[in-house]
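Geometric and topological summary
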Amino acid sequence: FVLLIIAAAFISCSEQACPLTVRGGSWPFDFTRDTFHQAVSSLDQCGQMCLDDPTCLAYTFSKAFDNIMTYCYLFRHLGEMVECDNCESGTVPAYLSDGMSCAAGTEDILDEATTQTAEECWSLCLETEGCVAFTWFKADALFPNYCFLYVSCNDERACDSCVSGRVNCIPAPQCFDYMVLNEETRNDKFRADQDTSITQYYDMIGSSNTSPGWRGTGYYRMMPPAGLYMPESNPGGYYCGTGIHCFLNGKHPEELFVETDVSFYYQEGTVTKCDGYFVYYLKDDSASNWCRYCATSEPIN
């Protein structure tokens, strides 16, 4: 079961309806209720330790001192996530007490299917947009091997031969698992034509003028000296160290931890408002549509 959680979970968060894992993020550790273990060999082992503990909701596996020391943190309460170095984290389902199910009406049932195990039912919930809880009925139940997916689970009720749980989705894992663009030449005040020896860069892998920090399609955060955000208007000229600019063609979103579809003028992508910064899903330029994503240090409105 742990392989279902971990081995397949570290995929692009844009492909998951309910992300369970994240690199670079964890939760505040409370010594009065959370626990940690040293010399844990792997992320899989740490995840299995959480699964074996009925009170555990999430785990973090981290390395320190040039990977000599390893730690596994087990969390029993999930608050807002924080950044962490050299760490990987994940959540596990919060199973209800044995013989309990969500006290849901027909309006709360998102979907139903037949699965062979409770784990398969849980996996189906993760893949289904809007699913927050599940109930799976055992082979001797009235509805054998039935899997019910719910959009809400505020109350519980008794049920015969069932396994139920709530999913613990990680909101906006891209707020912790991102690449950084911080070249000074990317700033909207930098002009490439001030010096003819300065290269005009483009964000395209394989180009002779590929930006030094560009690593292809993915989530990026703008950081100094490049800037803090993407500008909301075209810098024009040869600013941003390029002659063709990609910029946010509109306003930054205001809702926290929500990924919003946007246009970068020459490209489509997304913006996520994180806690104090923004993360952008940026696409590699095609050969027919070159540009460079600009950054600014100016406050956004």
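Coordinates for the structure precede this section.
Residues numbered from 1 in each chain as written. Predicted model: local features only at pLDDT ≥ 70, side-chain atom pairs only at ≥ 80, totals over all residues. Heavy atoms only, no water.

**Here's the deal with the nonpolar core**
Heads up, the rule is: Within this scheme, the nonpolar core is defined by two criteria: the residues are buried Ala, Val, Leu, Ile, Met, Phe, Trp, Tyr or Cys, and they are joined through side-chain atoms within 4.5 Å. The classification of residues rests on relative accessible area computed with a 1.4 Å probe and restricted to protein chains. Under 20% of the type maximum is buried, over 50% is exposed, and intermediate values are partly exposed. Put simply, DSSP H or I for four residues or longer makes a helix, DSSP E for two residues or longer makes a strand, and each gets a number counted from the N terminus. We call two residues in contact whenever any of their non-hydrogen atoms come within 4.5 Å of each other.
With 19 residues, the main nonpolar core has Met 222, Met 230, Phe 264, Val 271, Tyr 280, Leu 282 and Tyr 293 as its most contacted residues. Those elements giving two or more residues to this core turn out to be strand 13 (179-181), strand 14 (218-222) and strand 18 (278-282). The element that contributes the greatest number of residues to this core is strand 18, accounting for three residues. If near-sequence neighbours (up to four positions away) are discounted, Val 271 is found in contact with Leu 248, His 252, Pro 253, Val 258, Glu 259, Thr 260, Val 262, Phe 264, Phe 278, Val 279 and Tyr 280. Counting 14 residues, the second largest nonpolar core, distinct from the first, contains Val 22, Ala 58, Cys 274 and Tyr 277.

**Concerning the packing of aromatic side chains**
Our working definition: Two rings belonging to Phe, Tyr or Trp (six-membered ring only in the last case) form a pair when the distance between their centres is within 6.5 Å. Interplanar angles under 30 degrees mark stacking, angles over 60 mark edge-to-face geometry, and anything in between is tilted. Two conditions define a charge located above a ring, namely a distance within 6 Å from the ring centre to NZ of Lys or CZ of Arg, and an angle within 35 degrees of the ring normal.
Tallied over the entire structure, the rule returns 22 aromatic pairs. Geometrically, the ring pair formed by Phe 29 and Phe 75 is edge-to-face, given 6.1 Å between the ring centres and 80° between the ring planes. With Phe 29 in the loop between strand 1 (21-26) and strand 2 (35-38) and Phe 75 in strand 4 (residues 69-75), this pair connects stretches of sequence that are 46 residues apart. According to the relative accessible area criterion, Phe 75 is buried, its value standing at 1%. Among the aromatic residues, those joined into a ring-pair cluster are Trp 27, Phe 29, Phe 31, Phe 36, Tyr 71, Tyr 73 and Phe 75. The ring of Tyr 239 has Arg 191 lying over it, and the distance from NZ or CZ to the ring centre is 5.2 Å. Of note, Arg 221 hangs over the ring of Tyr 277, and the distance from its end group to the ring centre comes to 3.8 Å.

**Focus: the sheet that holds strand 2**
To keep things clear, this is the line we draw: When DSSP finds two or more bridges between two strands, those strands count as paired. Here, axes are lines fitted to C-alpha atoms. For helices the fit covers the stretch in contact, and angles between N-to-C directions go from 0 to 180 degrees.
Strand order in the open sheet made by the five strands is 1-5-3-4-2, with antiparallel pairing throughout. Of all strands in the sheet, those bounded by a partner on one side alone are strand 1 and strand 2. Taken over all neighbouring pairs, the strand axes of this sheet differ in orientation by 30° on average, direction set aside. Across four bridges, strand 2 lies against strand 4 in antiparallel orientation. Within strand 4, the residue paired with Phe 36 across the bridge is Tyr 73. Lying on the sheet, helix 2 (residues 43-52) is in contact with strand 2, strand 3 (58-64), strand 4 and strand 5 (82-91); it crosses strand 3 at an angle near 150°.

**Description of the state of the cysteines**
Note the threshold: We call a pair of cysteine sulfur atoms a disulfide when they lie within 2.5 Å.
Throughout the structure, instances matching the rule amount to 10 disulfides. Two residues share a disulfide in this structure: Cys 121 and Cys 147, whose sulfurs sit 2.1 Å from each other. The S-S bond linking Cys 121 to Cys 147 shows a torsion near 80°; that makes this disulfide right-handed. In this pair, Cys 121 sits in helix 3 (residues 118-127) while Cys 147 sits in strand 10 (residues 146-150), placing the two residues 26 residues apart along the sequence. What makes Cys 121 buried here is its relative accessible area of 0%. One disulfide bridge connects Cys 159 with Cys 162, the sulfur atoms lying 1.6 Å from each other. In terms of burial, Cys 159 and Cys 162 fall into one category: buried.

**Some thoughts on the sheet that holds strand 18**
Read across the sheet, five strands follow the order 13-14-18-17-16 without closing on themselves; strand pairing throughout is mixed. Each end of this open sheet is capped by a strand with a single partner; those strands are strand 13 and strand 16 (259-263). On average, adjacent strands in this sheet sit at an angle of 35° to one another, irrespective of strand direction. In this structure, strand 14 lies alongside strand 18, joined through three bridges in antiparallel fashion. By the bridge assignment for strand 18, Tyr 219 is matched with Tyr 281.

**A short note on helix 2**
The test is simple: In this description, the arc belongs to the directions extending from the helix axis to the C-beta atoms.
Within helix 2 the residues assigned to the buried category are Leu 43, Cys 46, Gly 47 and Cys 50. The buried residues of helix 2 all sit within an arc of 100° when viewed along its axis, so they share a single face.

**Structural notes on the pattern of salt bridges**
This is how it is decided: Salt bridges are identified by distance alone: a Lys or Arg side-chain nitrogen within 4 Å of an Asp or Glu carboxyl oxygen.
In this structure the tally under the stated criterion is nine salt bridges. Two residues, Arg 76 and Asp 53, come together in a salt bridge whose shortest N-O distance is 2.4 Å. One end of the pair, Arg 76, is in the loop between strand 4 and strand 5; the other, Asp 53, is in the loop between helix 2 and strand 3, and 23 residues separate them in sequence. Glu 183 is paired through a salt bridge with Arg 292; the nearest N and O atoms lie 3.6 Å apart. Of this pair, Glu 183 sits in the loop between strand 13 and strand 14 while Arg 292 is found in strand 19 (residues 292-293), placing the two residues 109 residues apart along the sequence. Like Glu 183, the residue Arg 292 is buried in the burial classification.

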